[in-house]
Amino acid sequence: MLIGIDGRISPQLLFVLSSMGHGDEIAIVDSNFPASSTAAYCQIGEPIDLLGINAVECIELIAGIMPLDSFVEHSALRMEIDNAPDELGPVHEDASVVLNKIAGNEDKFGSIERQEFYERSKSAFAVVRTGETRPYGCFLLRKGVIF
């Protein structure tokens, strides 16, 4: 255990977050996402499993210790619902609440079409597989800088 670090953050995730640089993205995905085959394309070739928490809890944990990029239009992206790109599902609404509480991140939550999300995730630094069961519970977070 470490002081000030939530015990749900695995040593592997802590290493990955500290290894990422400004502009690197991390994919936080639900339990239906092809995490292993996608991670094979990433810097970290195996998914990091946090199966005991949902995607929103994972976002909250990561955003609590990793700065989000304030220099881009969207520091976080959600997977869009098929045929309803402007609709927010319950998992998206919950993630929006968490992300909008972060200073400098207000209104920086965007969306990306599902198939485009799959492709973009292949260039992420790492994939974190959660126990999220709500549909379309997949997100990308872009690392920022600390001044």
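Structure: see above.
On a predicted model such as this, the values are computed, not experimentally measured, just so you know.

Conventions we followed
- Residues numbered from 1 in each chain as written.
- Predicted model: local features only at pLDDT ≥ 70, side-chain atom pairs only at ≥ 80, totals over all residues.
- Heavy atoms only, no water.
- Helix = DSSP H or I, 4+ residues; strand = E, 2+ residues; numbered from the N terminus.
- Rg over C-alpha atoms; globule rule 2.2 N^0.38 Å.
- Contact = heavy atoms within 4.5 Å.
- Areas by Shrake-Rupley, 256 points an atom, 1.4 Å probe, with all protein chains shown as cover.
- Lys, Arg positive; Asp, Glu negative; His and termini not counted.
- Charge placed at Lys NZ, Arg CZ, Asp CG, Glu CD.
- Salt bridge = Lys/Arg side-chain N within 4 Å of Asp/Glu carboxyl O.
- Buried < 20%, exposed > 50% of the residue type's maximum accessible area, 1.4 Å probe, protein only.
- Core = buried A, V, L, I, M, F, W, Y, C linked by side-chain atoms within 4.5 Å.

Caption draft 1: A look at the overall build of the protein chain. For the protein chain, the count of helices and strands is five helices and six strands. Reading the protein chain from its N terminus to its C terminus gives the helix and strand order α-β-α-β-α-β-α-β-α-β-β. Here the C-alpha atoms of the protein chain give a radius of gyration of 14 Å, agreeing with the 15 Å that 2.2 N^0.38 yields for 147 residues. The dimensions of the protein chain, computed from C-alpha atoms along their principal axes, are 45 × 35 × 25 Å. Restricting to contacts in the protein chain with at least 6 residues of sequence separation, those with at least 24 account for 85%. Total accessible area on the protein chain stands at roughly 7,300 Å², and carbon and sulfur atoms take up 51% of it. The centroid of the 11 positive side-chain charges in the protein chain is displaced by 3 Å from the centroid of its 22 negative side-chain charges.

Caption draft 2: Structural view of the pattern of salt bridges. Tallying each qualifying case throughout the model produces eight salt bridges. Two residues, Asp69 and Arg142, come together in a salt bridge whose shortest N-O distance is 2.8 Å. On the criterion of sequence distance, the pair formed by Asp69 in the loop between α3 (55-63) and β3 (76-79) and Arg142 in strand β6 (residues 139-142) is long-range, its members being 73 residues apart. The exposure class of Arg142 is partly exposed, given its relative accessible area of 23%. For Glu119, the salt bridge is made with Lys122, and the minimal N-O distance between the two is 3.2 Å. Residue class for Lys122 comes out partly exposed when judged on its relative accessible area of 26%. One salt-bridge network, in which partners are shared between bridges, spans Asp94, Glu132 and Arg134.

Caption draft 3: View of the nonpolar core. Within the largest apolar cluster, 31 residues are counted, with the highest numbers of intra-cluster contacts made by Leu13, Val16, Ile26, Ile59, Ile62, Met66 and Leu141. Broken down by element, this core gets its largest block of residues, seven residues, from α3. One finds Ala35, Leu77, Val127 and Cys138 within the second-largest nonpolar core, a separate group that totals 14 residues.

Caption draft 4: View of unusual backbone geometry. The backbone phi angle of Asn83 is positive, close to 60 degrees, even though this residue is not glycine. Mapped onto the secondary structure, Asn83 falls in the loop between β3 and α4 (90-100). Despite not being glycine, Tyr136 shows a phi value in the positive range, around 60 degrees. As for its placement among the helices and strands, Tyr136 is situated in the loop between β5 (126-130) and β6. Assessed through its relative accessible area of 21%, Tyr136 is described here as partly exposed.

Caption draft 5: Inspection of the environment of Val29 at higher detail. By secondary structure assignment, the location of Val29 is in strand β1 (residues 25-29). Residue class for Val29 comes out buried when judged on its relative accessible area of 0%. Taking the C-alpha atoms as reference points, Val29 and Asp49, 20 residues apart in sequence, are found 9.9 Å from one another. Setting aside its immediate chain neighbours within four residues, Val29 contacts Ala35, Phe117, Val127, Val128, Arg129, Thr130, Gly137 and Cys138.

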